[in-house]
Amino acid sequence: MLNLLKIFIMDLRIGNGYDVHLLAPGLEFWLGGIKVEHTKGCVAHSDGDTLIHALCDAMLGALALGDIGKHFPDNSPEFKGIDSKILLSRVNALIKEKGYELVNADCTILLQKPKVAPYILPMRECLSGVLGVDVERISVKATTTEGAGFVGREEAIAVYATVLLHKG
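What this report covers is the structure whose coordinates are included nearby. None of the values given here were measured: they were computed from a predicted structure.

About the cut-offs
Residues numbered from 1 in each chain as written. Predicted model: local features only at pLDDT ≥ 70, side-chain atom pairs only at ≥ 80, totals over all residues. Heavy atoms only, no water. Helix = DSSP H or I, 4+ residues; strand = E, 2+ residues; numbered from the N terminus. Rg over C-alpha atoms; globule rule 2.2 N^0.38 Å. Buried < 20%, exposed > 50% of the residue type's maximum accessible area, 1.4 Å probe, protein only. Areas by Shrake-Rupley, 256 points an atom, 1.4 Å probe, with all protein chains shown as cover. Lys, Arg positive; Asp, Glu negative; His and termini not counted. Charge placed at Lys NZ, Arg CZ, Asp CG, Glu CD. Salt bridge = Lys/Arg side-chain N within 4 Å of Asp/Glu carboxyl O. Expected span 1.5 Å × (residues − 1). Arc of directions from axis to C-beta. Polar contact = N/O pair within 3.5 Å; in protein donor to acceptor, adjacent residues only side chain to side chain. Contact = heavy atoms within 4.5 Å. 1 Å grid on protein atoms, 1.4 Å probe; cavity = no way out; pocket = protein on both sides within 12 Å on 5 of 7 lines; lining within 4 Å. Points joined across faces, edges and corners; volume = space filled by probe spheres on them. Nonpolar A, V, L, I, M, F, W, Y, C, P; charged D, E, K, R; others polar.

1. A look at the overall build of the protein
Per the secondary structure count, the protein includes six helices and seven strands. The order of α-helices and β-strands along the protein, N terminus first, is α-β-β-β-β-α-α-α-β-α-β-α-β. A globule of 168 residues ought to have a C-alpha radius of gyration of about 15 Å, and the protein, at 16 Å, matches this closely. With the C-alpha coordinates aligned to their principal axes, the bounding extent of the protein is approximately 55 × 35 × 25 Å. Here the protein holds 168 residues, and the buried ones make up 45% of them. Carbon and sulfur atoms make up 58% of the accessible area of the protein, which amounts to about 8600 Å² in all. Across the protein, 17 positive and 20 negative side-chain charges occur, with their mean positions spaced 3 Å apart.

2. Some remarks on the pattern of salt bridges
As enumerated under the stated definition, the model contains six salt bridges in all. In this structure, glutamate 155 engages arginine 153 in a salt bridge whose closest nitrogen and oxygen atoms are separated by 2.9 Å. By relative accessible area, glutamate 155 is classed as partly exposed at 35%. Overall, the relative accessible area of 51% leaves arginine 153 in the exposed class.

3. What about helix α4 (residues 84–97)?
Helical periodicity: at 3.6 residues per turn, an α-helix aligns residues three or four positions apart in one direction. In this model α4 runs 20 Å from its N-terminal to its C-terminal C-alpha over 14 residues, within 8% of the 20 Å that 1.5 Å per residue would give. Here α4 has its buried residues at Ser84, Leu87, Leu88, Val91, Asn92, Leu94 and Ile95. Viewed end-on, α4 has its buried residues packed into an arc of 160°, placing them on one side of the element. The opening residue of α4, the one whose side-chain oxygen lies 2.9 Å from the backbone nitrogen of lysine 85, is aspartate 83. Once α4 finishes, glycine 99 follows within two positions and takes phi at roughly 90°, a positive value.

4. What to know about the side chain of threonine 144
Of note, threonine 144 is situated in the loop between β6 (138–143) and α6 (149–152). A polar contact is formed between the side chain of threonine 144 and the backbone nitrogen of glutamate 146, at a distance of 3.2 Å. Each residue touching threonine 144, except ones within four places of it in the same chain, is listed here: Leu111, Gln112 and Lys115.

5. Focus on the environment of lysine 167
Position of lysine 167 relative to the elements: it lies in strand β7 (residues 156–167). Taking C-alpha positions, lysine 167 is 9.0 Å from leucine 102, a pair spaced 65 residues apart along the chain.

6. Here's the deal with the layout of surface pockets
The volume enclosed by the largest pocket comes to roughly 250 Å³. For the lining of the largest pocket, the elements supplying multiple residues, two or more each, are β1 (12–25), α2 (50–62) and α3 (68–71). Of the residues belonging to the lining of the largest pocket, the class tally is six nonpolar, five polar and three charged.

Written as structure tokens, this is what we have:
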């Protein structure tokens, strides 16, 4: 029994991701694959989807494959304005090539405004669709920083993501 438990545990990988983007007026605001109505959007080389970028980093980190910048450099014309769902799909394919699959993801958005509660379920549905997993495996939650720091001053958005991968 102990050997079976040891084998099972060895096939689990945990990854952590973090991403920040500055916010600026007049840009589209993409978060979790969903366009969010707001007067500001993310300053970025891609579409600036901070949630997806943190999720990609968590998945890549779980298998010690580097970070999103290694795989999709922000100075490459190929990725200029790219839909981050494409990046997530490519990361998911890489994870599968390595024999792993997503068990679950837990993402926390730090954002003062706008309130994103109405977008949470659509984000979860979008992400689960891209990743090919049940929506119950994707957690997305949001919090403010009570006015503190660059998030509180509405200068930027930050997202933390944690994933559990299992060797299939």
